[in-house]
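# Coordinate inspection notes
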Amino acid sequence: MNVRSSGTGDSTRPVLWKTIILAIAIMVNGALLFRLVWGPQSLVSYRELAAQHTALVKEVEAFDTVNASLSREIRLLQSDEKYVEKMIRQRLNFVRSKEILYLFTDRQDAAGAPPDDGKN
């Protein structure tokens, strides 16, 4: 014998629970979507960090280039006497005996040069 009760409360109870569970699931998904887009570990933060990473990689590459050139110069200064002499002459303005050093400036009003009064 199969007896069913025909109460109105019994038929609305499963629908009510399904609605409540659906509402909770929608709220949880909304909260997760909000965190995905605007949260502390969101897509917006990810894009900002990716841009910073790209900038830092370029900066590291520039530093690597400078580092390589400085390492090359250090090796030359340690091993090549002609290069050492060249650098001393260029940077410190040293001369050999019986040589004369002339230093030129880019300024027009340097000592010994007539002032430019605009007349020809």
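Residues numbered from 1 in each chain as written. Predicted model: local features only at pLDDT ≥ 70, side-chain atom pairs only at ≥ 80, totals over all residues. Heavy atoms only, no water.

### Digging into the overall build of the protein
Looking only at helices and strands, one finds three helices and zero strands in the protein. The helix and strand sequence of the protein, counted from the amino end, reads α-α-α. Counting all 120 residues of the protein, 5% fall into the buried class. As displayed, the protein offers around 11,900 Å² of accessible surface, 61% of which is attributable to carbon and sulfur atoms. (Helix = DSSP H or I, 4+ residues; strand = E, 2+ residues; numbered from the N terminus. Buried < 20%, exposed > 50% of the residue type's maximum accessible area, 1.4 Å probe, protein only. Areas by Shrake-Rupley, 256 points an atom, 1.4 Å probe, with all protein chains shown as cover.)

### Section: the pattern of salt bridges
A full pass over the atoms with the stated rule returns four salt bridges. Between glutamate 73 and arginine 91 there is a salt bridge, and its shortest N-O distance comes to 3.0 Å. With glutamate 73 in helix α2 (residues 43-79) and arginine 91 in helix α3 (residues 81-92), this residue pair connects regions lying 18 residues apart in the sequence. Arginine 91 sits in the exposed class, given a relative accessible area of 57%. With a closest N to O distance of 2.2 Å, arginine 96 and glutamate 85 form a salt bridge. Of the two residues, arginine 96 is situated in the segment after α3 and glutamate 85 in helix α3; the sequence distance between them amounts to 11 residues. Residue glutamate 85 is classed as partly exposed on the basis of its relative accessible area, which comes to 29%. Each of Glu85, Arg89, Arg96 and Glu99 takes part in salt bridges that share partners, so that together they form one network. (Salt bridge = Lys/Arg side-chain N within 4 Å of Asp/Glu carboxyl O.)

### Side note on the confidence of the model for the protein
Residues of the protein with pLDDT of at least 70 account for 81%, and the chain-wide mean is 84. When the elements of the protein are averaged for pLDDT, helix α1 (residues 8-38) gives the smallest value, 88, and α2 the largest, 95. (pLDDT = per-residue confidence, 0-100.)

### With respect to a nonpolar patch on the surface
Among the surface-exposed residues, Leu16, Trp17, Ile20, Ile21, Ile24, Met27, Val28 and Leu32 lie close enough to one another that they form a single nonpolar patch of about 810 Å² accessible area. Along the polypeptide, isoleucine 24 turns up in helix α1. (Patch = residues over 30% accessible without salt bridge, like charges linked within 9 Å, V, L, I, M, F, W, Y side chains within 5 Å.)

### Topic: unusual backbone geometry
Positive phi, close to 60 degrees, is recorded for asparagine 93, a residue that is not glycine. Along the polypeptide, asparagine 93 turns up in the segment after α3. Look at lysine 98: it is not a glycine, yet its phi comes out positive at around 65 degrees. Tracing the sequence through the fold places lysine 98 in the segment after α3.

### Comments concerning the side chain of glutamate 73
Taking the relative accessible area as the measure of exposure, glutamate 73 reaches 17% and is therefore buried. Setting aside its immediate chain neighbours within four residues, glutamate 73 contacts Tyr83, Met87 and Arg91. (Contact = heavy atoms within 4.5 Å.)

### Describing α3
The end-to-end C-alpha separation of α3 is 16 Å, in line with the 16 Å expected for 12 residues at 1.5 Å each. For α3, the N-terminal capping position is held by aspartate 80, with its side-chain oxygen 3.3 Å away from the main-chain nitrogen of lysine 82. Of the residues one or two after α3, asparagine 93 is the one with positive phi, at around 60 degrees. (Expected span 1.5 Å × (residues − 1). Polar contact = N/O pair within 3.5 Å; in protein donor to acceptor, adjacent residues only side chain to side chain.)

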